[in-house]
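# What the coordinates show
Spelled out from the first residue to the last, the chains are:
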Number of protein chains: 2
Amino acid sequence: MSVEPHRPNTILVGRKPPINYVMAALKLLNEEGVEEVVIKARGRNICTAVEAVEMLKNLFLKNAEVKEVNIYREELVDDQGRQRSVTAIEIVVSKK
Amino acid sequence: MSVEPHRPNTILVGRKPPINYVMAALKLLNEEGVEEVVIKARGRNICTAVEAVEMLKNLFLKNAEVKEVNIYREELVDDQGRQRSVTAIEIVVSKK
């Protein structure tokens, strides 16, 4: 599985409740011409991303399907300029 | 993506540090005839599973690759007999 660094229609999952990201994804998927969204998260937020995708699929958009799941490692530079490595996930959700 | 309920060579990730699951996976993959392992986790442990897979791939077994990632919802019955639904992940790691 390959990972493209800058995909369009990407939602970065942070520390908010999963429903916030479900709503963001729904909004994007309702736009004309948008066939898929990418739900992305790093480290401890990975479970929130998985939760958001499952909520989206099971409660809000019955015709949504998980097209692709990529897990990988990202190199980040923190406030002090130190490099640190975090795990990340990218879940591609598309309309059937 | 379909999910088989009882796959052989499955490691269930819990609350221990990721290295514990890396070691369990390495041990299994070194057994004769074992070509792949399934790293499985639920809820908050999903990030630990992703971390373990990345450690395995990048630090311990260079010829390991992520063959498949499934995310889904599981129905569990708790101590009080109540049913609750949790998100789960299954990551299939194979030797190249």
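So, how was this worked out
- Residues numbered from 1 in each chain as written.
- Chains lettered and ligands numbered in written order.
- Predicted model: local features only at pLDDT ≥ 70, side-chain atom pairs only at ≥ 80, totals over all residues.
- Heavy atoms only, no water.
- Salt bridge = Lys/Arg side-chain N within 4 Å of Asp/Glu carboxyl O.
- Helix = DSSP H or I, 4+ residues; strand = E, 2+ residues; numbered from the N terminus.
- Buried < 20%, exposed > 50% of the residue type's maximum accessible area, 1.4 Å probe, protein only.
- pLDDT = per-residue confidence, 0-100.
- Pairing = 2+ DSSP bridges.
- Axes fitted to C-alpha atoms, helices over the stretch in contact; angles between N-to-C directions.
- Contact = heavy atoms within 4.5 Å.

## Regarding the pattern of salt bridges
Considering all chains together, one arrives at 12 salt bridges over all chains under this definition. R42 of chain B serves as the salt-bridge partner of E74 of chain B, at 2.5 Å between the closest nitrogen and oxygen. With E74 of chain B in strand β3 (residues 64-77) and R42 of chain B in strand β2 (residues 36-42), the pair connects residues that are 32 residues apart, well separated along the chain. Residue E74 of chain B is classed as buried on the basis of its relative accessible area of 16%. For R42 of chain B, a relative accessible area of 27% translates into the label partly exposed. Here the residues in one salt-bridge network are K40, R42 and E74 of chain A, joined through shared partners.

## Thoughts on the confidence of the model for chain A
Counting all residues, the mean pLDDT for chain A is 91, and 94% of those residues have values of 70 or more. Here the predicted complex scores 0.87 on pTM and 0.84 on ipTM.

## Some details on the sheet that holds strand β4 (residues 83-95) of chain A
Residues and elements named next belong to chain A. Strands sit in the order β1-β2-β4-β3 across an open sheet of four strands; the sheet is mixed. The open sheet is flanked by β1 (10-13) and β3 (64-77), the only strands paired with a single partner. In this sheet, neighbouring strand axes are inclined to one another by 20 degrees on average, regardless of whether the strands run parallel or antiparallel. Note that β1 and strand β2 (residues 36-42) share four bridges and pair parallel. Paired with I11 across the two strands is I39, which belongs to β2. Packed on one face of the sheet, helix α2 (residues 46-60) meets β1, β2, β3 and β4 and runs near 5 degrees to β4.

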